[in-house]
Amino acid sequence: MNLKTEEGREIVRTLAKGADVLIHNFKTGSMEKWGLDYERLKEMNKRLVYCSITGFGETGPDRHLPGYDYIIQGLSGLMSITGTIESGPMKIGVAMVDILTGLYSAIAIEAALFEREHSGLGQKIDMSLFDSAVSSLANVASNYLISGKVPQRLGNDHPNIVPYTTFRTLDGEMIIAVGNDRQFASLCDLLEISEISRRELYRTNEARVKNRHQLTRVLEEKLTKRPMDEWFKLFSQHNIPCGPINSMDRVFQNPQLQARKMVVSMEHPQAGPIKLVGSPLKLSRTNVRMERHPPIAGEHTEQILQQAGYSAEKIAELKKLKII
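Quick summary incoming for the structure in this document.

Calculation rules
Residues numbered from 1 in each chain as written. Predicted model: local features only at pLDDT ≥ 70, side-chain atom pairs only at ≥ 80, totals over all residues. Heavy atoms only, no water. Salt bridge = Lys/Arg side-chain N within 4 Å of Asp/Glu carboxyl O. 1 Å grid on protein atoms, 1.4 Å probe; cavity = no way out; pocket = protein on both sides within 12 Å on 5 of 7 lines; lining within 4 Å. Points joined across faces, edges and corners; volume = space filled by probe spheres on them. Helix = DSSP H or I, 4+ residues; strand = E, 2+ residues; numbered from the N terminus. Nonpolar A, V, L, I, M, F, W, Y, C, P; charged D, E, K, R; others polar. Pairing = 2+ DSSP bridges. Axes fitted to C-alpha atoms, helices over the stretch in contact; angles between N-to-C directions. Contact = heavy atoms within 4.5 Å. Phe/Tyr/Trp six-rings, centres within 6.5 Å; stacked < 30°, edge-to-face > 60°. Buried < 20%, exposed > 50% of the residue type's maximum accessible area, 1.4 Å probe, protein only. Lys NZ or Arg CZ within 6 Å of the ring centre and 35° of its normal. Expected span 1.5 Å × (residues − 1).

## Quick look at the pattern of salt bridges
Part 1 of the argument: The tally for this structure, following the rule as stated, stands at 16 salt bridges.
Part 2 of the argument: Here Glu-200 makes a salt bridge to Arg-203, at a shortest N to O gap of 3.2 Å.
Part 3 of the argument: If you follow the salt bridges from partner to partner, you end up with Glu-6, Arg-9, Glu-10 and Arg-13 in one network.

## Re empty space enclosed by the protein
Part 1 of the argument: Applying the stated criterion to the full structure yields 1 cavity of 30 Å³ or more.
Part 2 of the argument: Its volume calculated, the largest cavity comes out at about 50 Å³.
Part 3 of the argument: Asp-157, His-158, Ile-161, Val-162, Pro-163, Tyr-164, Thr-165, Phe-167, Arg-212 and Thr-216 are the residues that line the largest cavity.
Part 4 of the argument: Elements represented by at least two residues in the lining of the largest cavity include exactly β4 (164-168) and α10 (212-223).
Part 5 of the argument: Of the residues belonging to the lining of the largest cavity, the class tally is 5 nonpolar, 3 polar and 2 charged.

## Let's talk about the layout of surface pockets
Part 1 of the argument: Taken as a whole, the largest pocket spans an internal volume of roughly 810 Å³.
Part 2 of the argument: Those elements that place two or more of their residues in the lining of the largest pocket are α7 (138-147) and β4.
Part 3 of the argument: The dominant element in the lining of the largest pocket, judged by the number of residues it contributes, is α7, at 4 residues.
Part 4 of the argument: Here the lining of the largest pocket is composed, by residue class, of 10 nonpolar, 13 polar and 2 charged.

## Re the sheet that holds strand β2 (residues 49-54)
One key point about sheets: their strands pair by backbone hydrogen bonds, in either a parallel or an antiparallel sense.
Part 1 of the argument: The strand order across the open sheet built from 3 strands is β1-β2-β3, with neighbouring strands paired in parallel fashion. Among the strands making up the open sheet, the edge pair consists of β1 (21-24) and β3 (124-128). Averaged over all pairs of adjacent strands, the angle between their axes in this sheet comes to 15°, without regard to strand direction.
Part 2 of the argument: Where β1 and β2 come together, 4 bridges link them in parallel fashion. For Val-21, the partnering residue across the bridge sits in β2 and is Val-49.
Part 3 of the argument: Helix α5 (residues 96-119) contacts β1, β2 and β3 of the sheet and is inclined by roughly 165° relative to β3.

## Brief notes about the packing of aromatic side chains
Each aromatic ring pair is described using two quantities: the centre-to-centre distance and the angle formed by the ring planes.
Part 1 of the argument: Using the criterion set out here, one finds 4 aromatic pairs in the structure.
Part 2 of the argument: Here the aromatic rings of Phe-26 and Trp-34 are separated by 5.0 Å at their centres, their planes lie at 90°, and the arrangement is edge-to-face.
Part 3 of the argument: You can call Phe-26 partly exposed: its relative accessible area is 33%.
Part 4 of the argument: Between the aromatic rings of Trp-231 and Phe-235, the centroid separation amounts to 5.3 Å while the plane-to-plane angle is 20°, which identifies the pairing as stacked. One end of the pair is Trp-231 and the other is Phe-235, both in helix α11 (residues 228-237) and 4 residues apart, which spans about a single turn.
Part 5 of the argument: Take Trp-231: its relative accessible area is 3%, and that puts it in the buried class.
Part 6 of the argument: For Phe-235, a relative accessible area of 0% puts it in the buried group.
Part 7 of the argument: Note that Arg-208 overlies the ring of Phe-184, its terminal NZ or CZ placed 4.4 Å from the centroid.
Part 8 of the argument: One residue, Arg-226, lies across the ring of Trp-231, its end atom 4.6 Å from the ring centre.

## Re α5
Part 1 of the argument: Between the first and last C-alpha of α5 there are 34 Å, a value that for 24 residues agrees with the 34 Å anticipated at 1.5 Å per step.
Part 2 of the argument: Three or more residues of α5 are buried, namely Val-97, Leu-100, Thr-101, Ser-105, Ile-109, Ala-112 and Arg-116.
Part 3 of the argument: Once α5 finishes, Gly-120 follows within two positions and takes phi at roughly 80°, a positive value.

## A few points about the pairing of β4
Part 1 of the argument: Inspection of the sheet shows β4 paired to strand β5 (residues 173-177) by 5 bridges, in the antiparallel sense. Each bridged residue has a counterpart across the sheet, and for Arg-168 the counterpart in β5 is Glu-173.
Part 2 of the argument: A loop of 4 residues connects β4 with β5, the two strands running antiparallel in sequence.

## Considering the sheet that holds β5
Part 1 of the argument: Pairing is antiparallel across the open sheet formed by 3 strands, whose spatial order is β4-β5-β6. The open sheet terminates on both sides in strands that have one partner only, identified here as β4 and β6 (242-244). In this sheet, neighbouring strand axes are inclined to one another by 20° on average, regardless of whether the strands run parallel or antiparallel.

This is how it looks when you write it as structure tokens:
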């Protein structure tokens, strides 16, 4: 719909009258300018749940700024703790802030729909990429708020636990996440350096945190002698938390992923047979079924308008005028 036209805006109003949820991600003030804000639409449908997703929310001094995942990663502090001192700040490899905000928005919408079962009323939800990014800082934010100390980039290291990082092996890198002294002693036994776990330099986690760099060198000297998959199998058998750092080809060859049906095949009207990532939602009674291909832009516009009561003639007119 072309929302710059009154005809396009009228389509939104028509759809909103019978809708459970309206979601938009226009800049703050855009929907008000077009007369499609919550206050006006709720007059037509008091049960409407209206979710606004913007860069900075609809309040505060930055509410009118546009939101970009990359920029929000920088503003929120995520990049300041990602990477190493040598690398400088690094962004996360996918648009994680966009994904997080979508997930938070879905949770908020579900909460509003559940509450509506009791009150009979919808409500407005004001979601912000910036808020979502800051909320994801989790223990890093708590460490700062409690201590007042600005956290530094540690790369793959954990700020409070050692060894809890990535290590080079003969043919790749893997993660070892030892969480206590007992696991550390077991790791040293498997690496055939049992005496290391008894040294004062490494015996306790507190000592290992202080001496993390020299400990890493000691462990890697042993780890680089054998392939990653061998270490993974050995450590897993002895309950040492660990895992390989997989490339995409290894990810999608993983039997566990296949057993969980996390790759689905589907026919697409333009691309032909395609493979897609499956749903992580596993429900015992109403499991997710992927029955439709990712839609082409505007693929279902006519169908939706027909369901809303528009005649074929009116739809043809809207297409001719480039309203839809």
